[in-house]
Amino acid sequence: MRRFLRSTGFKIFLAVIATLLAGTIAAAVSHNNSTPATSVTSAVFGPLQRLSSFVSNGISNFSVNFKSSASLSGDNKKLENEIASLREQLVGFEQAKQKIKLYEEFLGVKEANPKDKFVSAAVIGRDAADLFHSFTLGKGSLNGVSVNDPVMYGKYLVGVVTKVMPGQCLVSTLLNPAVNVSAYEVRTREAGFVTTTVALSKKGLCTLPGLVSTTAISPGGIVCTSGIGGIYPRDLIIGTVTEVLNDSSNISSYAVIKPGVKIENLEDVFILIDFEGKLSAAQAGN
Amino acid sequence: MRLSRENKNVYIRRFIFAVLILLTAALQNTGGLFPEIFGVRAMLLIPAVVCISMHEREISGIFFGLFGGLLWDAFSAGPHSFNAIILTTIGFGCGALIGSIMRNNLVTALLLTSTAVFVYNTLFWFIAYVFKGYAGAGRAYLTFYLPSCLYTIALMPVFYYLVRFIRNKTRKA
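Residues numbered from 1 in each chain as written. Chains lettered and ligands numbered in written order. Predicted model: local features only at pLDDT ≥ 70, side-chain atom pairs only at ≥ 80, totals over all residues.

Caption draft 1: Highlighting the confidence of the model for chain B. Mean pLDDT for chain B: 91, with 97% of residues reaching 70 or above. ipTM for the predicted complex: 0.81, alongside a pTM of 0.80. (pLDDT = per-residue confidence, 0-100.)

Following this line, the structure appears as structure tokens:
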């Protein structure tokens, strides 16, 4: 045992762990929430991740074409090729249509708030160990992104930036119980905060807890950000109320909310880097 | 200064292993690139680090673990440096055990990978769910982290034989 503790391997191991822990302390006091080692790694290997993300999108398109071609008759080779080519165009068209819809919605938000500053970003990675659908975007502090910047898809709120590196940032989504968004229901004007639980997150749902038992909120109601707290701007859509239930632990009620976008399937989003009434990460208490 | 043939092979082998870690990290961290089974994901970097350190021993194991951990941390929502610390420890531990008291074979690889995967997932679950007091943490462990362990362990032989193949090829070359 003594020989093991005095071995070179053990000394190197202790030195590496001590360095990593020092980096952790540095991250805790920085406003970026990321360690120096992580920042360097992401800067050096980020391009590879972008490439693999691009390949992943390519593979999913290929499988659509492959499946559709396989189902066609082998006798009509010419027609088969024509159909395959048309399908290929259709995939491109559907992707372009989706992108245009996103940009149109975004344009509406931009026209309503001309002073807001946005950065468009692509999803380049997801954490295999995270159940709450956190994702990494290919834009970071070099693009003006900072911790607590809201992330949107069209008019819909998706999440918030929680870690920033030079060329990328990590987003915690609405499906993370640690994310709390001050919100209100549009029709009744009842206010509260939107969060989620582990069980609801697994189903892709959020909740608006702490409502009075006589609440007028009903299924179909739209929940938007209220702008209180200075992290999210007012009137971004969070989602739609699917049901209102009584809380089993107290006399209040809570609304179950379905987010407006399928967070687990997002490919492109916008980061809102500046808006009227925004508080910095330090002012917001991070 | 000229490198001896043996040293040259060692450098080539380590370069190949570094590329393997890099590709594994890309495969693991890119959504849609590696299949999920009912929403359960494989944590491919763990068997990769275990198998490489089993063949390269503890000092190399530390650095391959560190490299894999840092690549994972760049995309992780978990605590700062969590992956780097755990994978460095796994790399060192597996290398040291094979160098002193265990044999290098598939059964040992299965044992070490299973231990590493369960330790990683349980620690992550404890820090990310239990310490934060989330309701339904136990259910998340049973429905996501435990199946993830099994999925990851099932893929371990691929890494074991791949690493062994690379090692044998670079030894003979």
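After presenting the structure, the write-up continues.
Caption draft 2: Representation of the interface of chain B and chain A within the structure. Contacts between the two partners involve 40 residues from chain B and, on the opposite side, 40 residues from chain A. Residue assignment for the side of chain B that touches chain A shows that the elements contributing at least two residues are helix H1 (5-29), helix H2 (45-73), helix H3 (82-100), helix H4 (106-130) and helix H5 (137-172) of chain B. Looking at which element gives the most residues to the side of chain B that touches chain A, the answer is H2(B), with seven residues. Tallied by class, the residues present in the side of chain B that touches chain A amount to 24 nonpolar, 11 polar and five charged. (Contact = placed C-beta atoms within 7 Å. Helix = DSSP H or I, 4+ residues; strand = E, 2+ residues; numbered from the N terminus. Nonpolar A, V, L, I, M, F, W, Y, C, P; charged D, E, K, R; others polar.)

Caption draft 3: Representation of the nonpolar core. Residues Met152(A), Leu157(A), Val158(A), Ile238(A), Val269(A) and Val50(B) are the most contacted members of the largest nonpolar core, which totals 111 residues. In terms of residue count, the dominant contributor to this core is H2(B) (15 residues). In this view, Ile238(A) contacts Leu157(A), Leu174(A), Val181(A), Ala183(A), Val194(A), Val223(A), Cys224(A), Thr225(A), Ile257(A) and Pro259(A); residues no more than four positions away in its chain are not counted. (Core = buried A, V, L, I, M, F, W, Y, C linked by C-beta atoms within 7 Å. Buried ≥ 20, exposed ≤ 12 C-beta atoms within 10 Å, placed from the backbone.)

Caption draft 4: Structural view of the pairing of strand E4 (residues 156-164) of chain A. All names here are of chain A. Across the nine residues of E4, nine count as buried, placing the element largely inside the fold. Across four bridges, strand E3 (residues 150-153) lies against E4 in antiparallel orientation. Within E4, the residue paired with Tyr-153 across the bridge is Tyr-156. Alignment of E4 against strand E5 (residues 169-173), held across five bridges, turns out to be antiparallel. The partner of Val-164 across the bridge, within E5, is Cys-169. Hairpin connection of E4 to E5: four residues between the antiparallel strands. (Pairing = 2+ DSSP bridges.)

Caption draft 5: Main features of the packing of H2(B) against H3(B). Axis separation between H2(B) and H3(B) bottoms out at 7 Å; the angle between their running directions is 175°. Our classification of the angle between H2(B) and H3(B) gives roughly antiparallel. (Axes fitted to C-alpha atoms, helices over the stretch in contact; angles between N-to-C directions. Parallel < 35°, antiparallel > 145°, perpendicular 65-115°, else oblique.)

Caption draft 6: H2(B), seen in detail. Taking 1.5 Å per residue, 29 residues should reach 42 Å; H2(B) reaches only 12 Å between its end C-alpha atoms and comes up short. Along its length, H2(B) shows its largest kink, about 145°, at Arg57(B). (Expected span 1.5 Å × (residues − 1). Bend = angle between axes of the 7 residues up to and from the residue.)

Caption draft 7: Structural view of the packing of H1(B) against H2(B). Residues and elements named next belong to chain B. Between H1 and H2, whose axes approach to 9 Å, the crossing angle comes to 40°. The angle between H1 and H2 places the two elements in the oblique class. Between H1 and H2 lies a crossing whose hand is right-handed. For the pair H1 and H2, the contacting residues are Arg-14, Phe-17, Ala-18, Leu-20, Ile-21, Thr-24, Ala-25 and Gln-28 in the first and Leu-45, Ala-48, Ile-52, Ser-60, Phe-64, Phe-67, Gly-68, Leu-71 and Trp-72 in the second. For the contact of H1 with H2, the residue count by class is 12 nonpolar, four polar and one charged. (Left-handed = near helix turned anticlockwise from the far one by under 90°.)

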